[in-house]
Amino acid sequence: MADAFFVPLGEGRYSATAHTAGPWSPDSQHFGPPSALLVRALENVEQQHPAELARVTVEILGPAPVAELLVRARVERPGRSVELLQAELASAERVIARASAWRIATSDTAEVSTDGGPLMPAPDTVTESAWPEGWNGGYLDALEWRAVRGAMDVPGPAAVWARQRVPLVDGEEPSGLQRLFAVADSGNGVSNYLDPRKWWFINSELTVHLRRPPAGEWIGLDAVTLVGKHGVGTATSILHDAEGPVATGAQALMVRPRQAGGG
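Residues numbered from 1 in each chain as written. Predicted model: local features only at pLDDT ≥ 70, side-chain atom pairs only at ≥ 80, totals over all residues. Heavy atoms only, no water.

Enquirer: Please give an account of the overall build of the protein that cites residues and values.
Expert: Across its full length, the protein holds 3 helices and 13 strands. Summarising its shape, the C-alpha atoms of the protein cover approximately 50 × 45 × 40 Å along the three principal directions. Evaluated residue by residue, the protein yields a buried proportion of 49% over its 263 residues. Sequence separation of 24 or more characterises 64% of the internal contacts of the protein that already satisfy a separation of 6 or more. With an accessible surface of roughly 12,300 Å², the protein has 52% of that area assigned to carbon and sulfur atoms. Across the protein, 22 positive and 31 negative side-chain charges occur, with their mean positions spaced 6 Å apart. (Helix = DSSP H or I, 4+ residues; strand = E, 2+ residues; numbered from the N terminus. Buried < 20%, exposed > 50% of the residue type's maximum accessible area, 1.4 Å probe, protein only. Contact = heavy atoms within 4.5 Å. Areas by Shrake-Rupley, 256 points an atom, 1.4 Å probe, with all protein chains shown as cover. Lys, Arg positive; Asp, Glu negative; His and termini not counted. Charge placed at Lys NZ, Arg CZ, Asp CG, Glu CD.)

Laid out in structure tokens, this is it:
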């Protein structure tokens, strides 16, 4: 197995490795790596002037198998100041995810920029943390996790640092945004308070609003999960790098007893 999440096959095709396997099933990917792969495609869409991604939404249309995938991206609505981009992820001719992104032309706003918020304690000041029993390895083992507040194996809100042990694409150094999206889809897992052996709490989408691209290998995730009375919940996150908060993330959750089926 290649020491990466994906192996490039050419012409927008990638082979997913076992490092992408999610906690619910070894046959389906955690959607962190596919989300990052979609963002990689969005970053590679040609631009006419300096611009940054400001918002990315990944709609999850079905499980992502640990198999060959095809990724495509394009400009959906061009513009001088603001552009809408689209990307698709397909497996065996079936689209399994779509991403939309607003790309905004950059300008100098340093004079009026706001304080992003308090820093999280640095990763080297906290120790590695474990995930609860009942979840598969794969993706979870392909990242190093360090808990700042709470812990993944302790129910409730938590703040953690995460660092990829393997690159997104074999032979490439991940960009800051790719590193961020590889982690951002873990908000519901980090802040879980339900036993994963008894409950599903699976997200149907991921939306991230960005203020700046993150720097460095470590991505911080300060997350909380809230669940309503009719099987619907949300996981919200503040995403950090070593210099402070860089983005906010949200996931819509399907919550139900596991014996009722995955839906």
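Enquirer: Describe the nonpolar core, listing the residues and the values that go with them.
Expert: Membership of the largest hydrophobic core comes to 63 residues, with the highest contact counts inside it found for W145, L180, F181, V190, V208 and L239. Apart from residues lying up to four places away in sequence, L239 is in contact with L180, A184, V208, I219, G220, L221, G244, P245, V246, A247, T248 and G249. By size, the runner-up hydrophobic cluster in this structure holds 5 residues, among which are M120, A159, W161 and W218. (Core = buried A, V, L, I, M, F, W, Y, C linked by side-chain atoms within 4.5 Å.)

Enquirer: Go over the side chain of S186, please, and point to the residues and values.
Expert: The topology assignment puts S186 in the loop between helix 2 (176-184) and helix 3 (187-190). Residue classification places S186 among the buried residues on the basis of a relative accessible area of 2%. Separated by 2.9 Å, the side chains of S186 and Y139 make a polar contact. Apart from residues lying up to four places away in sequence, S186 is in contact with H30, Y139, W145, L221 and Q251. (Polar contact = N/O pair within 3.5 Å; in protein donor to acceptor, adjacent residues only side chain to side chain.)

Enquirer: Run through unusual backbone geometry, naming residues and quoting values.
Expert: With a phi close to 55 degrees, E11 is a non-glycine residue in the positive phi region. Relative to the helices and strands, E11 is located in the loop between strand 1 (6-10) and strand 2 (13-16). Residue classification places E11 among the exposed positions, given a relative accessible area of 76%. The backbone of E93 sits at a positive phi, close to 70 degrees, despite the residue not being glycine. Relative to the helices and strands, E93 is located in the loop between strand 5 (82-91) and strand 6 (94-105).

Enquirer: How would you summarise the packing of aromatic side chains if you had to cite specific residues and measurements?
Expert: Applying the stated criterion to the full structure yields 5 aromatic pairs. Between W24 and W200, the ring centres sit 5.3 Å apart and the planes meet at 45 degrees, which makes this aromatic pair tilted. One end of the pair, W24, is in the loop between strand 2 and helix 1 (32-43); the other, W200, is in strand 9 (residues 199-203), and 176 residues separate them in sequence. Assessed through its relative accessible area of 22%, W24 is described here as partly exposed. Taken together, the ring pairs connect F5, W131, Y139 and W145 into an aromatic cluster. (Phe/Tyr/Trp six-rings, centres within 6.5 Å; stacked < 30°, edge-to-face > 60°.)

Enquirer: Tell me what's going on with the pairing of strand 1, and back it up with residues and numbers.
Expert: Relative to strand 2, strand 1 runs antiparallel, the two being bridged by 4 bridges. Bridge pairing in strand 2 places P8 opposite Y14. Counting the residues between successive antiparallel strands, the hairpin from strand 1 to strand 2 contains 2 residues, one of them, E11, with a positive phi of roughly 55 degrees. (Pairing = 2+ DSSP bridges.)

Enquirer: Requested: an account of the pairing of strand 5, with residues and values cited.
Expert: The side chains of a regular strand alternate between both faces of the sheet. Taking burial as the measure, the 10 residues of strand 5 include 9 buried ones, the bulk of the element. Of the pairings in the sheet, the one linking strand 4 (residues 68-77) to strand 5 comprises 7 bridges and is antiparallel in character. Bridge pairing links R72 to E88 in strand 5. Count of turn residues in the strand 4/strand 5 antiparallel hairpin: 4 residues. Bridge count between strand 5 and strand 6: 10 bridges; the pairing is antiparallel. Its bridge partner being in strand 6, V82 is matched across the sheet by I104. Hairpin connection of strand 5 to strand 6: 2 residues between the antiparallel strands, including A92 at a positive phi of 55 degrees.

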